[in-house]
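# Per-entry structural report
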Amino acid sequence: MALLEVKDLGVTFGVGARQVTAVEGASFTLDRGETLALVGESGSGKSVTALSVLQLLPYPVARHTPGSSVVLDGREMIGADAETLRAARGGTAGMIFQEPMTSLNPLHTIEKQIGEAVQLHRPMTRDEARARAIECLNMAGFPDAETRLTAYPHQLSGGQRQRVAIARALILEPRVLLLDEPTSALDVSVQAEILNLLSDIKRVENLTYILVSHDFGVIAHMCDRVAVMNHGVIDQFGVPRDIYDKPATLFVASFIGSPAMNLLRFRGRLGIGDRQVTLHHQKIDVPAMRVAFEGEMVLGVRPENVGLSNDAPYRARVLASEYLGTTQIVTLQTQDGQVKARVPSQQVVRMDETVGLTFNPATITLFDAQSGRALRSELNEGVLQHG
């Protein structure tokens, strides 16, 4: 049985004419030891979904739609009594927030706020709670834990405060940790340290993570599966590689990746088995189609799958080049729109030069421009959940 099963989750805020739908029909499962990412733009519903697991939303302003279900470790959370929720919060699952200062009491020492968390849930003497707090602080990589228990949050750096928050979440030995953008408020150099720490803790303690993030680099580093949310709906659910290589919608294609996937709009007709489309009178090879389609389409191709060649018939003018060490991002203007190509830095590129573009045909995704949905092809037929 899955450790967490979310089914048809819906969340609204307000009532009547002021009611806003934050999440609609979200469903997913999570097994022990897995890491699931909830990713999307601000306001996409990813944090609301995560907070629903432990019923931490501002009820009754927030409401779950009929049929919503969140089963954590065999217990239904929606509508659960206070005792069930108390056992789940901290015991079964812990939470680490984006900004540790919002979860740490500025008037309490480290020892008090970590020790109180364990004493509320388990019978334990003060000395035992203190020893457990030191153990968890050491696990979280907090320096000189034993001598700094009397410190207050304002005396710590951002990274140290987040380590305290991690230690407090670990103290009750939870099975699940909800991580709500745990590094986005930290300096870049500290972010990598915290991410590596969380990965180490997960491996050693066999924890299950739900990671809320907008950073696909973080997601690819840590996560087994990804749910991409858009306006409260899960647009695509799958492993990180499929999310990146085989986007199910135009939103996923444009949101995931930096630079984003190139998207070129055109009109055409496709039959089942067709392997070519026409862009500005030039034939472009694509994966064999599994559906027929006629109308406005969008061709999607990642920058690393675009090459520059003087001999290629599909022409573009060089607008800019961004040096990135071993590679460069070249921005080009075609008659169908702008294209970015990631090519070796030693490749000579001149501003305003006209060059030919090549696309790796095995990596191209075609979309229905009106619905925004990917058209089924040999590339994505095992990934798409729609026709």
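What counts, and where the lines are drawn
- Residues numbered from 1 in each chain as written.
- Predicted model: local features only at pLDDT ≥ 70, side-chain atom pairs only at ≥ 80, totals over all residues.
- Heavy atoms only, no water.
- Phe/Tyr/Trp six-rings, centres within 6.5 Å; stacked < 30°, edge-to-face > 60°.
- Helix = DSSP H or I, 4+ residues; strand = E, 2+ residues; numbered from the N terminus.
- Buried < 20%, exposed > 50% of the residue type's maximum accessible area, 1.4 Å probe, protein only.
- Lys NZ or Arg CZ within 6 Å of the ring centre and 35° of its normal.
- Axes fitted to C-alpha atoms, helices over the stretch in contact; angles between N-to-C directions.
- Parallel < 35°, antiparallel > 145°, perpendicular 65-115°, else oblique.
- Contact = heavy atoms within 4.5 Å.
- Nonpolar A, V, L, I, M, F, W, Y, C, P; charged D, E, K, R; others polar.
- Pairing = 2+ DSSP bridges.
- Expected span 1.5 Å × (residues − 1).
- Salt bridge = Lys/Arg side-chain N within 4 Å of Asp/Glu carboxyl O.

## Examining the packing of aromatic side chains
Applying the stated criterion to the full structure yields three aromatic pairs. Measuring from centroid to centroid gives 6.0 Å for F216 and Y244, while their planes differ by 20°, and the two rings are stacked. Of this pair, F216 sits in helix α7 (residues 216–222) while Y244 is found in helix α8 (residues 240–245), placing the two residues 28 residues apart along the sequence. Residue F216 is classed as buried on the basis of its relative accessible area, which comes to 15%. Residue placement shows R302 over the ring face of Y244; its charged tip is 4.1 Å from the ring centre.

## Topic: the packing of helix α3 (residues 110–121) against helix α4 (residues 126–139)
Two numbers describe how α3 lies on α4: the axes approach to 9 Å, and their chain directions differ by 110°. With respect to α4, the element α3 is oriented roughly perpendicular. Residue-level contacts link I110, E111, I114, G115, V118 and Q119 of α3 to R126, A129, R130, A133 and L137 of α4. For the contact of α3 with α4, the residue count by class is six nonpolar, two polar and three charged.

## Here's the deal with the sheet that holds strand β3 (residues 35–40)
One open sheet holds the six strands; their spatial order is β7-β8-β9-β3-β10-β11, and the pairing between them is mixed. Where the open sheet ends on each side, the last strands, each with one partner, are β7 (93–96) and β11 (233–238). Averaged over all neighbouring strand pairs, the angle between strand axes comes to 15°, with direction disregarded. In this sheet, strand β9 (residues 208–213) lies alongside β3 in parallel orientation, the contact comprising five bridges. Among the inter-strand pairings, A37 is bridged to a residue of β9, identified as L211. Here helix α6 (residues 188–205) sits on the sheet in contact with β3, β7, β8 (176–180) and β9, set at roughly 155° to β9.

## Some points on the sheet that holds strand β19 (residues 337–344)
Spatially, β16-β20-β17-β18-β19 is the arrangement adopted by the five strands of the open sheet, whose pairing is antiparallel. Strands with a single pairing partner mark the edges of an open sheet, and in this sheet they are β16 (306–309) and β19. The mean inter-strand angle of the sheet, taken between neighbouring strand axes irrespective of direction, is 45°. Pairing of strand β17 (residues 315–323) with strand β20 (residues 354–359) involves three bridges; the strand directions are antiparallel. Bridging across to β20, R317 finds its partner in T354.

## Let's talk about α4
Note that an α-helix has 3.6 residues per turn; residues three or four places apart therefore point the same way. For α4, which comprises 14 residues, the first-to-last C-alpha distance of 20 Å matches the rise-based estimate of 20 Å (1.5 Å per residue) to within 8%. Here α4 has its buried residues at A129, R132, A133, I134, C136 and L137. Residues of α4 that are buried make contact with α3 and α5 (158–170). Count one or two residues on from α4 and you reach G141, which has phi positive near 75°.

## What about the pairing of β19?
Note: strand β18 (residues 327–334) against β19, eight bridges, orientation antiparallel. Along β19, the bridge assignment pairs T327 with P344. In this antiparallel pair of consecutive strands, β18 and β19, the connection spans two residues.

## What to know about the environment of I256
Mapped onto the fold, I256 is located in the loop between α9 (250–255) and β12 (262–270). Distance in space between the C-alpha atoms of I256 and D245 is 9.8 Å, their sequence separation being 11 residues. With near-sequence residues (within four places) excluded, I256 lies in contact with F216, I243, Y244 and R302.

## Quick notes on the pattern of salt bridges
Counting across every chain of the model gives 13 salt bridges. Taking the shortest distance from any N to any O, the salt bridge between R317 and D352 comes out at 3.0 Å. Linking R317 in strand β17 with D352 in the loop between β19 and β20, this pair joins segments that are 35 residues apart in sequence. What makes D352 exposed here is its relative accessible area of 53%.

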